[in-house]
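These are the residues of each chain, in order.
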Amino acid sequence: MSDVPGAFAAMALQQQQPLDNAVDASSRPEDLSCPCCFRPGKLCDSFSPEEAPMKIRGLRVLMASHGLDAYIVPSGDAHSSEYVAPCDERRAWLTGFTGSAGTAIVSMKEAALWTDGRYFNQASTQLEGSPFTLMRQHEPGVLDMPEWCLQQGSKIGICGGLCTLQFSQNFREKGLELVPIATDFVDVIWGSRRPKVPRNPCLEQPLALTGESVKSKLERVKKELNGSALVLNALDQICWLTNLRGCDVECNPVFFAYAVVTDELTLYLRCLDRELCGNGLEQHESDERIAVLKATLLEHFRSEGLAANLLPYSSFDAAECAQRCSGRKVALEKATSTLAMAAAIPEERRVLVDCSPVEIFKAVKNDVEIAGLRKAGRRDCAALVGFYGWLETRLGRGGE
């Protein structure tokens, strides 16, 4: 499978639908041809835009081919993370705004970006001269995203692997049903320039640092579920539950994974995805590394008192999720679970929760975790004191 969010389905250009009256192709012929070679109806393989106007034109080609009035590009990745890996910085690549929070929406005639008060100055500077209008979120007189979209039309698209159930619900309450797209349009336009997807090994977190075994945590979670299944998408929750850490996102000790809790624990790990190499020797070495890593992780769970199913990240999709939870109610956290994750789970079997049991348990620190927080705090303080001392010394030298 491809490296798109959640590894869901095939390329967007292969899923074209007939245009409807919302997108009148005859009135905008430039929107239905490749911006670089003017090939009608689609983007050419070499289309690789660098400037925002050309990126937006490419996006509108895809929007028109799907009969969409607007397309939403959120900040988060397939796991609803605020801080994301370079390969998931879609909104930043499209708009030029690099803050950690913000949502871009492109219609056939306009383009806008919403962000909160922390980033008004930064966004104003970075969007200057671009096609994007800054929407100062929560300021008087500023339309929210659903209200703005209602002025553009009724068919609003978004990648299903990036759209949370809560985000979708917010639009539904305003009378708009979002249209989930299997492969994100920005990924299609970004093409080969998109940074490589990280597949770094998971690191074991010893009991001396966690204070509780995976078996104990899992038993608490299953007791809370009372026979229901739980599908986890948030990376920090998966790290806490499994006593594993990673380095797939800069400055965040997380790794890319999904987790399903039933009577057992099933993990879908990106570090177990098979990577195709250029020759037989490199392929053999890569496969060996994955085999060793999997064996190490299995031993980690055995030492923690349980067996776990370890599968490649690319094998997780809506059908796999539904099959793994077959016959059960399925708990889904509204703020992090995506439309793509829930697509094959009937609504009558979904149990939507504000916080998963893992998030609630994670928030209550045990004695070992508290001691670790204090130790980390002392180290941070020492680093800051050292920096302040260096700064005062430099300033005292009068600009040497």
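Everything that follows concerns the structure shown earlier in this document.
So, how was this worked out
- Residues numbered from 1 in each chain as written.
- Predicted model: local features only at pLDDT ≥ 70, side-chain atom pairs only at ≥ 80, totals over all residues.
- Heavy atoms only, no water.
- Helix = DSSP H or I, 4+ residues; strand = E, 2+ residues; numbered from the N terminus.
- Buried < 20%, exposed > 50% of the residue type's maximum accessible area, 1.4 Å probe, protein only.
- Contact = heavy atoms within 4.5 Å.
- Core = buried A, V, L, I, M, F, W, Y, C linked by side-chain atoms within 4.5 Å.
- Phe/Tyr/Trp six-rings, centres within 6.5 Å; stacked < 30°, edge-to-face > 60°.
- Lys NZ or Arg CZ within 6 Å of the ring centre and 35° of its normal.
- Pairing = 2+ DSSP bridges.
- Patch = residues over 30% accessible without salt bridge, like charges linked within 9 Å, V, L, I, M, F, W, Y side chains within 5 Å.
- Areas by Shrake-Rupley, 256 points an atom, 1.4 Å probe, with all protein chains shown as cover.
- Salt bridge = Lys/Arg side-chain N within 4 Å of Asp/Glu carboxyl O.
- Lys, Arg positive; Asp, Glu negative; His and termini not counted.
- Charge placed at Lys NZ, Arg CZ, Asp CG, Glu CD.
- Axes fitted to C-alpha atoms, helices over the stretch in contact; angles between N-to-C directions.
- Parallel < 35°, antiparallel > 145°, perpendicular 65-115°, else oblique.
- Nonpolar A, V, L, I, M, F, W, Y, C, P; charged D, E, K, R; others polar.

Digging into the overall build of the protein chain
So, step 1. When helices and strands are counted, the protein chain shows 14 helices and 14 strands.
So, step 2. For the protein chain, the residues scored as buried account for 49% of the 400 residues in total.
So, step 3. Pairs at least 24 residues apart make up 65% of the contacts formed inside the protein chain by residues separated by at least 6 positions.

A closer look at the nonpolar core
Generally speaking, a soluble globular protein has its nonpolar side chains buried in company with each other.
So, step 1. Core analysis: the biggest nonpolar cluster contains 72 residues, and V231, L241, L265, L269 and F301 have the highest contact counts within it.
So, step 2. With 30 residues, the next largest nonpolar core counts V106, C159, V186 and W190 among its residues.

So, the packing of aromatic side chains
So, step 1. Counting across every chain of the model gives 10 aromatic pairs.
So, step 2. Each ring, one from Y71 and one from F185, has its centre 4.4 Å from the other, and the planes form 20°; the classification is stacked. Here F185 lies in helix α6 (residues 185-190) and Y71 lies in strand β1 (residues 70-73), a separation of 114 residues in the sequence.
So, step 3. Y71 gets classed as buried once you look at its relative accessible area, which sits at 0%.
So, step 4. With a relative accessible area of 0%, F185 lands in the buried category.
So, step 5. Chaining the aromatic ring pairs together yields one cluster made of Y258, Y268, Y313 and F316.
So, step 6. For R270, the ring lying beneath its charged end belongs to Y313, and the centroid distance is 4.3 Å.

Remarks on the pairing of strand β8 (residues 229-232)
So, step 1. Here β8 shows a buried face lined by A229 and V231 and a second buried face lined by L230 and L232.
So, step 2. Two elements, β8 and strand β13 (residues 330-333), share two bridges in a ladder whose sense is parallel. Of the residues in β13, the one forming a bridge with L230 is A331.
So, step 3. Where β8 lies against strand β10 (residues 257-261), three bridges are found, and the strand directions are antiparallel. Bridge pairing in β10 places L232 opposite A259.

With respect to a positive patch on the surface
So, step 1. Together, R374, K375, R378 and R379 line one region of the surface with positive charge.
So, step 2. Inspection of the secondary structure assignment puts R374 in helix α14 (residues 367-396).

Observations concerning the pattern of salt bridges
So, step 1. Enumeration according to the criterion identifies 19 salt bridges in this entry.
So, step 2. For the salt bridge of R90 with D187, the shortest nitrogen-to-oxygen distance reads 2.8 Å. Remark: D187 occurs in helix α6 and R90 occurs in helix α2 (residues 90-95); sequence separation between them is 97 residues. Residue R90 shares its accessibility class with D187, and that shared class is buried.
So, step 3. For the salt bridge of E275 with R199, the shortest nitrogen-to-oxygen distance reads 3.7 Å. Remark: R199 occurs in the loop between α6 and β7 (203-204) and E275 occurs in the loop between β11 (265-269) and α10 (280-303); sequence separation between them is 76 residues.
So, step 4. Because the salt bridges share partners, they merge into one network encompassing D88, R90, D184, D187 and R194.

A few points about the side chain of Q237
So, step 1. The residue Q237 is located in helix α9 (residues 235-242) in this model.
So, step 2. Non-local contacts of Q237, meaning those with residues more than four positions away in its chain, are made with L232, E333, S356, V358, E359 and K362.

A closer look at the sheet that holds strand β4 (residues 133-136)
So, step 1. Within the open sheet, the six strands sit side by side as β4-β3-β2-β1-β5-β6. Their pairing is mixed. Bordering the open sheet on either side are β4 and β6 (178-181), each of which pairs with just one other strand. On average, each strand axis in the sheet is inclined to that of its neighbour by 25°, with strand direction left out of account.
So, step 2. In this sheet, strand β2 (residues 103-107) lies alongside β1 in antiparallel orientation, the contact comprising four bridges. Its bridge partner being in β2, A70 is matched across the sheet by S107.
So, step 3. Sitting on the sheet, helix α4 (residues 145-152) is in contact with β2, β3 (111-115), β4 and β5 (156-159), with an inclination near 10° to β2.

A short note on the packing of helix α8 (residues 214-225) against α9
In a packed pair of helices, the relevant descriptors are the angle between the two axes and the axis-to-axis distance.
So, step 1. The geometry of α8 relative to α9 is characterised by a closest axis approach of 7 Å and an angle of 120° between their N-to-C directions. On the basis of their axis angle, the class for α8 and α9 is oblique. In contact with V214, K217, L218, R220 and V221 of α8, α9 contributes W240, L241 and T242.
So, step 2. Grouping the amino acids of the contact of α8 with α9 by side-chain chemistry returns five nonpolar, one polar and two charged.

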